[in-house]
Amino acid sequence: MAATDPQVLALAAQITESREQDIPLLLLKLKGILSSPSLGCEESNKIKQDIYDYGLTQYCLLVLKQDHAQLHGAWATAAQLAEILSHCCVGLEVKEDPEEFYTKFLPSVVDSLLVLGKRLQARFIRAIKDKEKQDFLHWFQIVTDAICWLFGGHVQLAARVLQNDRFLQLLITDDVDTAIVMMSVLHNILRINSSVLLQVEEETLHSVLDELVYKLSSTMNPAVGSASTKLLLLVAKSCKQLVQLFTARYKGLKGLLSKQWTGKGFDREVNQLLDLLYLEQSSGKGEIAKREQELQHLMKQKEDEALKLQMQLQRRRAMRLFHERQLALLEVVHASQVNKYMQEMEEKSALTIQRFWRGYRARRIFHQQKQSLKEYKAAVIIQRAACKFLEKRRRRRPLCPWKEPKGLTDEQRLALQQKVDDYIKLHPASQMSEETSKELHMQAQAKLAQFLLRNRLDQRAAQRREALLAQVNTDVELLMNAPGLAETTEKDFGAFMSRSIPVATKARQAHNTMLKYTRWPWWKKLGDEFMEDDVIPDDAINTELETLFIGGKKSF
C-alpha cells in the first residue's frame, strides 16, 4: 500500500486541532496541493483518494452547507471551496463502500452546489454597485463551472442536475447575465449526454423547453436569443421525438424564429432549426417553398421598413433646412416686421394645407362616385340582358292547350267499387235507432239553449262592469282635476252633485258632523269620558270620511 501524501496528512492533522471557524481557510490549501505542477495523473488521483479517506472532502461539503455569509472571506471562500470539492470528486475511485459515494455523497454535492449558485444569483440580482455585481457574477461562474466539471467526470449526475428543482429555478430568470451562464450549463449537459432529456420526467422536459421558447418570445437580446436557439437546435438534433414535440407543442415557433430572430447574427442556427421543423411537419418540398416565400416576404418587410426610415430621415432633413432658412430670413428682416412676416407665413402655410386637403377630398369623392357609376352601369347592363333573355324565352315557349281529364274505364270503375265495398265490410258503421237519435237531438238543443242564455247573461254582466268602471274612472278624473276650495265656483259644484237623495243626505250628515267636531273646545277632545251621547265617535267619523261620497243637490 502506497504511503499517504505528507501535505494531505499535515493538513488533516492541522484541521483536526484547529477551531471550527478556521477550517474553511485551511481547506483552501487543498487547491495548492491539487494544482501542483509536479503531479501526474496517477499521483493526482492518489492525492484525491487520500483527501477523501481523511475526510477532507466531507469537510468541504459540510462547510458549503453552512451560512456562507458567516465564513472568513464569505462568498469568495464558498466559491473556491465549491471548485475544490468538484475537482476532488472527479477522478476519484472509491474502493471501500462505493455505493455510499455514488448514491449519497455525489448527489449531496450536486444539491449543495446548486443551492450556493441560487444564493449567488439572488445576491447578484439584488446588488446595486457595479463592483458588487461583478464579484457575484464571477463567483457564480466559478460555481457553475464546478457543477459542469462534476457531471463531466460523472456522467450519471447530468440527469440529477437537470431534474433538480433549483436548476430550473436558476434557469427560469429574467436576468440576462445569469440566464446566459445557466444556458451554457444546459448546453454542456446536452453535449455530454445527448439523451438525457429522454431520461428525465416529462414535466421537467416541458419546463426546460417552455423556458427556452419563452426566452425567445420575451426578449430582444441577441445573446439570449442565440443561446436559446442553439440549445433548441442541439435538442432537435439529439432526438427526432423532440422535434415532433416542438411541432405539436409550440405551433408558433417557426413564425417566431422567422420574424423576430432572422438577421440577428446567428442565421445559420436559425435556418437549421427551421429546416428541421419544416421537414418534420411536412416531409416534402411544399413547406420548404412556403418557408422561402415567408423569408422573401420578411425581406420585403425589412426593405419597406428601411424605405420608411429613409423617408423619415429625408423629411427631418427637409424640416431642418426649412427652419434654418427661416432663421436666416429672420436675421435679415427687421425686428419690427417679424410678427407681420410670421403671420404672413402662417397664412400661406394654412392656405397650402387647405389646398392640398381640398384636392385630396375632391379626388376621393370623385373616385367613390366613379366606382358607384361603374356599378350602376353594370347593373343596368345586366338587367337589360336579363329582360331580353326572359322576353325571348316567353316568345319561344308554345301555349299548351287545355286537355280534358281522362275518365275511368268500366274495369277501373268496377275495381274501385270493389275496394269501397271491401272497406265498408271491414269498417261497418254503428247503427242507432230513431228514438235514440231524437233524444240525442233534444239534449243537444237543450245544452245549446243553456249556453246561449248563459252567454247572454255574461255579456250583460260584462257591459255593466264596463259601465261601472267607466263611471268610476270619470269620478276619479273629476276628483283629481277638481280645484281647491278657495278657487271653487258655483259652476264647479254642479260636477259633484248627485241625483240620489239618500246619498246626498248621508253626505250632508257626515259634513255637519265633521264641522261640529271641529268646533268643540279642547277639553272635549281629551278622551272618551268627555264625549256627549249625541256625538259620533272618531271611528265612525273616520269610517264615513274614508268612504267616497259624491253628495249635494243643485239647490246647495
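The notes below deal with the structure included here. Bear in mind the structure is a predicted one, so any value in this text is a computation, not a measurement.

1. A look at the pattern of salt bridges
Enumeration according to the criterion identifies 10 salt bridges in this entry. In this structure, Glu 391 engages Arg 395 in a salt bridge whose closest nitrogen and oxygen atoms are separated by 3.4 Å. With Glu 391 and Arg 395 both in helix α19 (residues 338-396), this residue pair falls 4 residues apart, about one helical turn. In this structure, Arg 413 and Asp 410 form a salt bridge, with 3.0 Å as the shortest nitrogen-oxygen distance. A residue pair is termed a helical-turn pair when its members lie 3 or 4 positions apart in one helix, as Arg 413 and Asp 410 do in helix α20 (residues 410-426) at 3 residues. Residue class for Asp 410 comes out exposed when judged on its relative accessible area of 56%. Linked by salt bridges that have partners in common, Glu 391, Arg 394 and Arg 395 make up one network.

2. Looking at a positive patch on the surface
Together, Arg 384, Lys 388, Lys 392 and Arg 396 line one region of the surface with positive charge. Tracing the backbone through its elements, the reader meets Arg 396 in helix α19. For Arg 396, a relative accessible area of 70% puts it in the exposed group.

3. Regarding the side chain of Thr 144
If you trace the backbone, Thr 144 turns up in helix α8 (residues 130-153). Thr 144 gets classed as buried once you look at its relative accessible area, which sits at 4%. Not counting residues up to four positions away in its chain, the partners in contact with Thr 144 are Val 181, Met 182 and Val 185.

4. Details of the layout of surface pockets
Considered as a void within the structure, the second largest pocket measures approximately 310 Å³ in volume. Residue lining of the second largest pocket: 11 residues in total, with Gln 49, Asp 53, Glu 93, Val 94 and Lys 95 positioned closest to the centre. Taken together, the residues of the lining of the second largest pocket sort by class into 3 nonpolar, 3 polar and 5 charged.

5. What about a negative patch on the surface?
Taken together, the side chains of Asp 53, Glu 96, Asp 97 and Glu 99 define an acidic patch exposed on the protein surface. Judged by its relative accessible area of 71%, Glu 96 falls in the exposed class.

6. A closer look at a nonpolar patch on the surface
A surface patch of nonpolar side chains, amounting to about 500 Å² of accessible area, comprises Leu 408, Leu 416, Val 420, Tyr 423 and Ile 424. Relative to the helices and strands, Tyr 423 is located in helix α20. By relative accessible area, which is 53% here, Tyr 423 ends up exposed.

Thresholds, definitions, all that
Residues numbered from 1 in each chain as written. Predicted model: local features only at pLDDT ≥ 70, side-chain atom pairs only at ≥ 80, totals over all residues. Heavy atoms only, no water. Salt bridge = Lys/Arg side-chain N within 4 Å of Asp/Glu carboxyl O. Helix = DSSP H or I, 4+ residues; strand = E, 2+ residues; numbered from the N terminus. Buried < 20%, exposed > 50% of the residue type's maximum accessible area, 1.4 Å probe, protein only. Patch = residues over 30% accessible without salt bridge, like charges linked within 9 Å, V, L, I, M, F, W, Y side chains within 5 Å. Areas by Shrake-Rupley, 256 points an atom, 1.4 Å probe, with all protein chains shown as cover. Lys, Arg positive; Asp, Glu negative; His and termini not counted. Charge placed at Lys NZ, Arg CZ, Asp CG, Glu CD. Contact = heavy atoms within 4.5 Å. 1 Å grid on protein atoms, 1.4 Å probe; cavity = no way out; pocket = protein on both sides within 12 Å on 5 of 7 lines; lining within 4 Å. Points joined across faces, edges and corners; volume = space filled by probe spheres on them. Nonpolar A, V, L, I, M, F, W, Y, C, P; charged D, E, K, R; others polar.

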